[in-house]
Amino acid sequence: GAGVSQSPSNKVTEKGKDVELRCDPISGHTALYWYRQSLGQGLEFLIYFQGNSAPDKSGLPSDRFSAERTGGSVSTLTIQRTQQEDSAVYLCASSAGTGLEGGYTFGSGTRLTVV
Amino acid sequence: DQQVKQNSPSLSVQEGRISILNCDYTNSMFDYFLWYKKYPAEGPTFLISISSIKDKNEDGRFTVFLNKSAKHLSLHIVPSQPGDSAVYFCAASEGNTPLVFGKGTRLSVIA
C-alpha cells in the first residue's frame, strides 16, 4: 500500500482481556518495528523484525507482550491480560533496509485504553 | 536511563524567525541521528538525518548540526512557519539497531 496501515485506530478494553493490534507495512519493506508512546513520554521501542531473521524482542516490557510477522508482511502485536499501564499509542513503522538515511515510515498508531 | 534527551518540552517562536531544537545523547556509539515531526493523531514523519561522519546536513529550511565531542545535535528551521507547529523528536541509532527516541519538544510558531 501507499503507507503503513494500522488497525484498529482506537481500542478500549477491560483490564485482564487480551488485545491484538495489526500492522500492514509498506509493500517491499523488509524491516518492521513496533513502538509505543505513553502519555508525556517518548517513543519506546518494543520489537523489530528484519527479513527472515529472528526478531529483536529486547524492548518487550513483559511476557504478556508478543508479536509475529507472517509471510514477511503483516504483523500482529498481542497483549495478554491487559493492565492499565498498557494504555498508550502503539505505533508500527517499516523501512527498506536499515531505514537510517530515509527514516522509518510510521503508521498513525492504535490508541489503546485499558479501563 | 535515557540515552537521548530533549530537555526543552516546549518552544515558542515568531513566524519568520529561526527555531532551534536541541538534543543531547549519552551513548558515544550512536552513529546515525534523525529528526521526526509529529502532528496530533498522526504517526511521526521523517524530516532529516545525519551520519556521525558529518557535522551538518541541510534540506531546504531544515538544517541539522552535530557536535560529537559535546554529544549534542540541533535542528534549525528557518524561516519558521505556522505549519511547522508540531512535536519534534530526536532519534539515534548505534550500528543499525532500532532507533532510540527522545521525549520530544513541542514547537509553536506564532503568526
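The model shown is predicted, which means the values in this text are computed figures rather than measured ones.

K.L.:
Looking at this structure, I do not really get the sheet that holds strand β3 (residues 19-25) of chain B. What am I missing?
P.N.:
What links the strands of a sheet is backbone hydrogen bonding, and the strands pair in either a parallel or an antiparallel sense. All names here are of chain B. In spatial order, the strands read β1-β3-β8-β7-β6; together these five strands make up an open sheet with antiparallel pairing. Of all strands in the sheet, those bounded by a partner on one side alone are β1 (4-5) and β6 (56-59). Both strand β7 (residues 62-67) and strand β8 (residues 72-77) contribute to a ladder of six bridges, which runs antiparallel. Bridging across to β8, Asn 67 finds its partner in His 72.

K.L.:
Sorry, what's going on with the pattern of salt bridges here?
P.N.:
When the charged atoms of two side chains with opposite charge come close together, those side chains can pair. Residues and elements named next belong to chain A. A full pass over the atoms with the stated rule returns four salt bridges over all chains. Arg 22 is the partner of Asp 24 in a salt bridge, and the nearest nitrogen-oxygen pair spans 3.6 Å. Note on Arg 22: relative accessible area 39%, which makes it partly exposed. Measuring nitrogen to oxygen at the nearest pair gives 2.8 Å for the salt bridge that ties Arg 64 to Asp 86. Of this pair, Arg 64 sits in the loop between β5 (43-50) and β6 (65-69) while Asp 86 sits in the loop between β7 (75-79) and β8 (88-95), and the two are 22 residues apart along the sequence. The two residues Arg 64 and Asp 86 agree in class, both being buried.

K.L.:
Explain the nonpolar core here, please?
P.N.:
Judged by nonpolar contacts, the single largest core of 23 residues is most densely connected at Phe 33, Trp 35, Leu 73, Leu 75 and Tyr 88 of chain B. When residues of this core are traced back to their parent elements, those giving at least two are β3, β4 (32-38), β5 (45-51), β7, β8, β9 (86-93) and β11 (105-110) of chain B.

K.L.:
How do you make sense of the sheet that holds strand β1 (residues 5-7) of chain A when you look at a structure like this?
P.N.:
Residue and element names in this part refer to chain A. With antiparallel pairing, the four strands of this open sheet are ordered in space as β1-β3-β7-β6. Where the open sheet ends on each side, the last strands, each with one partner, are β1 and β6. Each strand axis lies, on average, 15° off the axis of its neighbour in the sheet, ignoring direction. Examined bridge by bridge, strand β3 (residues 19-24) and β7 share five bridges and lie antiparallel to one another. By the bridge assignment, Arg 22 is partnered in β7 with Thr 76.

K.L.:
Sorry if this is basic, but what is going on with a nonpolar patch on the surface here?
P.N.:
Where nonpolar side chains cluster on the molecular surface, the patch consists of Ile 18, Ile 20 and Val 78 of chain B and spans about 230 Å² of accessible area. Secondary-structure assignment places Val 78 of chain B in the loop between β8 and β9.

K.L.:
Help me understand unusual backbone geometry, please; the structure alone is not making it clear to me.
P.N.:
What is expected of a backbone is that most residues other than glycine have negative phi and most peptide bonds are trans. Look at the link from Ser 7 of chain A to Pro 8 of chain A: it is a cis peptide, with omega at -10°. Within the secondary structure layout, Pro 8 of chain A lies in the loop between β1 and β2 (10-13). At the junction of Val 78 of chain B and Pro 79 of chain B, the peptide bond is cis and its omega measures out at -10° in the coordinates. In this structure, Pro 79 of chain B sits in the loop between β8 and β9. Look at Arg 81 of chain A: it is not a glycine, yet its phi comes out positive at around 50°. By the secondary structure assignment, Arg 81 of chain A is in the loop between β7 and β8.

What counts, and where the lines are drawn
- Residues numbered from 1 in each chain as written.
- Chains lettered and ligands numbered in written order.
- Predicted model: local features only at pLDDT ≥ 70, side-chain atom pairs only at ≥ 80, totals over all residues.
- Heavy atoms only, no water.
- Pairing = 2+ DSSP bridges.
- Helix = DSSP H or I, 4+ residues; strand = E, 2+ residues; numbered from the N terminus.
- Salt bridge = Lys/Arg side-chain N within 4 Å of Asp/Glu carboxyl O.
- Buried < 20%, exposed > 50% of the residue type's maximum accessible area, 1.4 Å probe, protein only.
- Core = buried A, V, L, I, M, F, W, Y, C linked by side-chain atoms within 4.5 Å.
- Axes fitted to C-alpha atoms, helices over the stretch in contact; angles between N-to-C directions.
- Patch = residues over 30% accessible without salt bridge, like charges linked within 9 Å, V, L, I, M, F, W, Y side chains within 5 Å.
- Areas by Shrake-Rupley, 256 points an atom, 1.4 Å probe, with all protein chains shown as cover.

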